[in-house]
Amino acid sequence: MLKISGWKKWTAVLALCMLMISLICIQAYGEESCEDEAEPTGEEAEYYEYIPEDLPDSEELFDGFAMRLLYGRSDQATYGVLARERLSEKSKKIYDVIKEGVIDLARGERSSAVLIVNAAESGCGTFSDYSYEELWLVLDALQHDCPYEMYMYRGCRARISSQRISVSIMIAAIYRPSNYDDDSPTIDTSKARATVNAANNAQAIVNMYASYSDYNKLAAYKDKICSLVEYDHYAADNDLYDTDIRAWTLINAFDGDPSTNIVCKGYAVAFQYLCDLSDFTGNVECYSALGDVYFYDGSDGYHQWNIVRINGISYFADITACDSYGSGRDREVFMSGGSGSAGTNYRISTSTYIYDDGTKSMWGTGPDSVLTLSATAYNPSSPPTPTPTPIYEISVGSYNVSISAGSSIKLSFSAPASGEYRFYSTGDYDTRCYLYDENMEQLAYNDDSGEGNNFNIYHRLTAGQKVYIVLNFFNSDTSGSFTLTVEAPAAPTPTPTPTPTPTPTPTPTPTPAPIYDITVGSYDVSISAGSSIKLLFSAPASGEYRFYSTGDYDTRCYLYDENMEQLAYNDDDGDGYNFSISYSLSAGQKVYLILSFYNSNTSGTFGLIAEAPTTPTPTPTPEPIYDIAVGSYDVSISAGSSIKLSFSRLQAVNTAFIPRVIMIPAVTSMTRIWSSWPIMMTAEKEIISISITD
C-alpha cells in the first residue's frame, strides 16, 4: 500500500503556502538566496572560518621562501602538485585560481588577501553543489604543495555562492600592514618585495663585476656592500633579533632601501652570497665563521666574519671591520693573514678572533682545515702556489685509517661495476664521511648511521664512476685510528616466482639476474648479511600504492624512479621495525625497490607486500526533493521506489489536526493523496517519504 511517514503538525491555506514556498530557499553553507546575487559585503556577508591545526612557523616558512628566491629559483613558485592530484576536477580548477593569488601575495605583487574564484571564468560552471569541506581540502593541498609561498597563511574565511567563491586569507601578524582589517585582509608587500629586489640587485652586482679578476671581484663585492649599508648599532645594542631579523640577513644589504642597515651577520652572509652567485676563474671558495672577537678599541662580542679560500689556502675577511675601518685601512682585515692557530686564536691587525666550538667542530682545526689561515696576506700580483692535499686511491675492501686531531684524509675510489656501494667505518670513534663526485660536488654525508657513532653511507655508482671520500672525526680535537670498509654491490639471491593465485607468495631462489620483476601481491624475501635486493614494479593503474614488510627483522626500503632518482625511503613506519612506504604512481610507471636489513650483520627472510590502491567509494546520486504546499498532488511511483517531498512545517494553534490519506492497496501508475489542516505556519522544513509497501 501507499505509506506516508514523518509528517508533523502543519498549518496553512493553499494560497499562502504557495506564495511563501516561492520565496523561501534552503539555506546551506551561508547561501542567502535561490537567485544569483552580487556578493554581499560588510555585515550582510556570511563567511565560514577554517583554521588548520599545527600550522608551521610563519617566519621559518618565509626564510625558506626567501632562500628559494635568492638562490636562483625565483622563477619557480610551485614545488609540488602531489596533493593537487588527489582533488576532484572542480577542486583542481579552484586550487589553480587560489594558488595564483597566493603566489602573487607571497611575492608582494598584490596586497589584497581576498581571493575570488568565478565559476564561469574558472570553467567550473556553478558552485551550487560545492561544499566548504571540499574547499578546505583545496587549502590543505596548497599548504602541502606550496608551503613556502603560504608563509603568511594562518587560516581563512570563505563564502560560497552559486557563481563565485570568496576566500579571505588570514595573514600572520608579522606580515600585516598597520591598517590591517579582518574583514578586508591585506599583506604588507614590503617584506616580500624587499626579498625579490634583493635577489635581483645582488645578481646585478655579480653581473657588473663578472669580467673582473678573482681578487678584484672579491674586493669590488666588499666595497659595494660597504657603500650600500652601514652598521646597525641600534639593532645590535637593543638585541632586536626577534623584532627586526632583517638586520641579521642579506636582504637589507641589497633591498635598495638606504634606510635599512645590517649587523655583522648581515655583512658576512651578503659577501658569501655574492661569492656563491659568482663564477671564478680559479679555485675560490667563501665560508662564514662564528666566534668571539676582541677589537682594537677594547670592545668585544660575539661576531661573524668570512674566510676566503683560494687554491686551498685560507685568508681572513671581516667585511664589518672593513666598513668601520674605512678605505685605506680595510686591507688590514680583508684577504689578510693571521698569527696564531685555529685551535686557540688568531691575531688579525690589532684585534683577536677566536672560533667558537661549533665552527671548529664543523671544519676542524688541523693544518688542512678551512679555519687554518695563511701567515701572510694574499698578494694579487703573486698568488701562492698551493700545496696539493695527498689523495689515496682505494678499491673494494677494508683499510686502517689514522687521522690526527683537526685533520682529514681524502681518498679516491672508482667503481668497478654498476650498483649500490656501501662505505662505513668501524671502531670506537665518532667518525664522519663526505662523498663527492669528480667536480667535488657533494653526493652524500653521514656521521652516525653505522654501529655506535660510526658513519655508514649507501650510494649507487655506475661502472667506472670516480668519487672522492673525505674522512675525519666529528670532534676536531680527536685523533686515532679506525677501519674503513668499502663494500661492492651484493648479487641479490632471491627471485620471486609468482603462483597463479591472486596473492602470490613466491619463494626466492638464487639467480645471477640483478633485478626482479614483481606485481601487486605478497612475496617471501631472503637477504644475506650485508646484502640487498633490487625489485622492479610497474603500476597497473594510477593511485597510491603501499610497499611494506612483515616479520621480526629491522628492514628498510629505498624507492627509486627509472633514472634511479630516489623517491622515498623508510625503515620503521611499519609494524615493529618493518618499513612501510606509501607513494602515488601513475598507470604504467616503473619504480625500483631496494631492500636490505638496517643492520649489516643481519640475515633472514621477511614478507614483502605490494598493495594496490583501494577502489574509491562511488559518490551517490542525490535523490530529488520536490517542494509542495497544502493541496492535492498526483504522485507516480514505480515498484520498490520512493519519493521525497519538502514541506514547510505548519503548527496548529488551539486545535487538533487529522491527516487523511486515501490508501490504494496495489501499485498503480497514478495515486492521489490529500490532506487538510488549519492555518498557522513557520519557515522550518520537514522531509517526508512516500513509499509503496505490500
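The structure this text deals with has already been given above.
Before going into details, it helps to say that this report is about the structure given with it. Note that this is a predicted model, so its numbers are computed, not measured.

Turning to the packing of helix α3 (residues 89–106) against helix α5 (residues 132–145), a few remarks are in order. Running from amino to carboxyl end, α3 crosses α5 at an angle of 55°, the nearest separation of the two axes being 10 Å. With respect to each other, α3 and α5 are oriented oblique. α5 is crossed by α3, and the crossing has right-handed handedness. For the pair α3 and α5, the contacting residues are Ser91, Ile94, Tyr95, Ile98 and Lys99 in the first and Glu134, Leu135, Val138, Leu139, Ala141, Leu142 and Asp145 in the second.

Before going further, it helps to spend a moment on the environment of Lys99. Structurally, Lys99 is set in helix α3. Residues Lys99 and Met150, spaced 51 residues apart in sequence, show a C-alpha to C-alpha distance of 9.4 Å.

This paragraph deals with α5. For α5, which comprises 14 residues, the first-to-last C-alpha distance of 20 Å matches the rise-based estimate of 20 Å (1.5 Å per residue) to within 8%. Of the residues making up α5, those classed as buried are Tyr132, Leu135, Trp136, Val138, Leu139, Ala141, Leu142, Gln143 and Asp145. Where α5 is buried, its residues contact β2 (48–50), α3, β4 (153–160) and β5 (164–171).

On to the packing of helix α7 (residues 214–228) against helix α10 (residues 264–277). Running from N to C, α7 and α10 point in directions that differ by 140°, and their axes come no closer than 10 Å. It follows from the interaxial angle that α7 and α10 lie oblique. By crossing handedness, the relation of α7 to α10 is classed as right-handed. Of the residues in α10, those touching α7 at Leu218, Tyr221, Lys222 and Ile225 are Tyr267, Ala270, Phe271, Leu274 and Cys275. In terms of residue class, the contact of α7 with α10 is made up of eight nonpolar, no polar and one charged.

The subject of this paragraph is empty space enclosed by the protein. Considering all chains together, one arrives at one cavity of 30 Å³ or more under this definition. If you go around the largest cavity, the residues you meet are Glu420, Tyr421, Arg422, Tyr458, Glu487, Ala488, Pro489, Ala490, Gly530, Ser531 and Ser532. Looking at the lining of the largest cavity, the element that brings in the most residues is strand β16 (residues 419–426), giving three residues. The residue inventory of the lining of the largest cavity, partitioned by class, reads five nonpolar, three polar and three charged.

Read from one edge of the open sheet, five strands run β13-β15-β20-β17-β18, paired in mixed fashion. Each edge of the open sheet carries a strand with a single partner, namely β13 (391–394) and β18 (442–446). The average undirected angle you get between the axes of adjacent strands in this sheet is 25°. The pairing of strand β17 (residues 431–436) with strand β20 (residues 466–473) spans six bridges and is antiparallel. Bridging across to β20, Tyr434 finds its partner in Val470.

This next bit is on the side chain of Ser58. Relative to the assigned elements, Ser58 resides in helix α2 (residues 58–73). Ser58 has contacts with Tyr151, Met152, Arg154, Ala172 and Tyr175, leaving out every residue within four places of it along the chain.

Take the nonpolar core next. Ranked by size, the top nonpolar core spans 57 residues in total, and within it Leu218, Ile225, Phe254, Phe271, Phe334, Met335 and Tyr355 carry the most contacts. At seven residues, α7 tops the list of elements feeding residues into this core. Apart from the residues within four sequence positions on either side, Ile225 is in contact with Phe254, Tyr267, Ala270, Phe271, Leu274 and Ile319. The next biggest cluster of nonpolar side chains, apart from the first, holds 45 residues, and it includes Leu135, Ile160, Ile165 and Tyr175.

What follows is about the pairing of strand β12 (residues 351–355). In terms of residue burial, β12 counts as a mostly covered element, since four of its five residues are buried. Direction of pairing for strand β6 (residues 284–294) relative to β12: antiparallel, over a ladder of four bridges. Its bridge partner lying in β12, Val293 is registered against Tyr353. Pairing of strand β11 (residues 346–348) with β12, which is carried by three bridges, proceeds in the antiparallel orientation. Opposite Arg347, over in β12, you have Thr352 as the bridge partner. Between the antiparallel neighbours β11 and β12 lie two residues, among them Ser349 with a positive phi of about 55°.

Our next topic: the pattern of salt bridges. This structure, assessed with the given rule, holds 11 salt bridges. One salt bridge connects Arg157 with Asp183, and the closest N-O pair in it is separated by 3.8 Å. Of this pair, Arg157 sits in strand β4 while Asp183 sits in the loop between β5 and α6 (189–208), and the two are 26 residues apart along the sequence. Its relative accessible area of 54% is what places Asp183 among the exposed residues. For the salt bridge of Asp357 with Lys360, the shortest nitrogen-to-oxygen distance reads 3.9 Å. With Asp357 and Lys360 both in helix α12 (residues 357–363) and three residues apart, this pair spans about one turn of that helix.

Inspection of the sheet shows β6 paired to strand β7 (residues 300–310) by 11 bridges, in the antiparallel sense. Opposite Ala289, over in β7, you have Trp305 as the bridge partner. Here β6 hands over to β7 after five residues, with Gly298 in that stretch at a positive phi of 95°.

Each value, and the rule that gives it
Counting of residues starts from 1 at the beginning of each chain's written sequence and follows it residue by residue. Totals for whole chains, interfaces and linings use every residue, but because this is a predicted model, local features are given only for residues with pLDDT of at least 70 and side-chain atom pairs only at 80 or more, for both listing and counting. As a convention, hydrogens and water are excluded, and side-chain values are obtained from all of the structure's heavy atoms. Axes here refer to lines fitted to C-alpha atoms; in helices the fit is confined to the stretch in contact. Angles between the N-to-C directions go from 0 to 180 degrees. Under the DSSP-based scheme used, a helix requires at least four consecutive residues in state H or I and a strand at least two consecutive residues in state E, with every element numbered from the N terminus. Roughly parallel covers angles under 35 degrees, roughly antiparallel covers those over 145, roughly perpendicular covers 65 to 115, and oblique covers all other angles. In this scheme, a crossing is called left-handed if the near helix is turned counterclockwise away from the far one by less than a right angle; it is called right-handed if the turn is clockwise. The contact definition used throughout considers only heavy atoms, calling two residues in contact when any of these lie within 4.5 Å. Multiplying 1.5 Å by the helix residue count minus one yields the expected span of that helix. For every residue, the accessible area obtained with a 1.4 Å probe (protein chains only) is divided by the maximum for its type, and the residue is called buried under 20%, exposed over 50%, and partly exposed between those limits. Each residue is assigned to one class: nonpolar for Ala, Val, Leu, Ile, Met, Phe, Trp, Tyr, Cys and Pro, charged for Asp, Glu, Lys and Arg, and polar for all the others, Gly among them. With a 1 Å grid spanning the protein atoms alone, the term cavity applies to any set of points in which a 1.4 Å probe fits but cannot get out, the term pocket to an open set with protein on both sides within 12 Å along at least five of seven lines, and the term lining residue to any residue with an atom within 4 Å of a point. Grid points are joined across faces, edges and corners, and a volume is the space filled by probe spheres set on the points. Two strands qualify as a pair provided that DSSP identifies no fewer than 2 bridges between them. What makes a nonpolar core is a set of buried Ala, Val, Leu, Ile, Met, Phe, Trp, Tyr and Cys residues whose side-chain atoms join them at distances within 4.5 Å. Salt bridge criterion: a side-chain nitrogen from Lys or Arg within 4 Å of a carboxyl oxygen from Asp or Glu.

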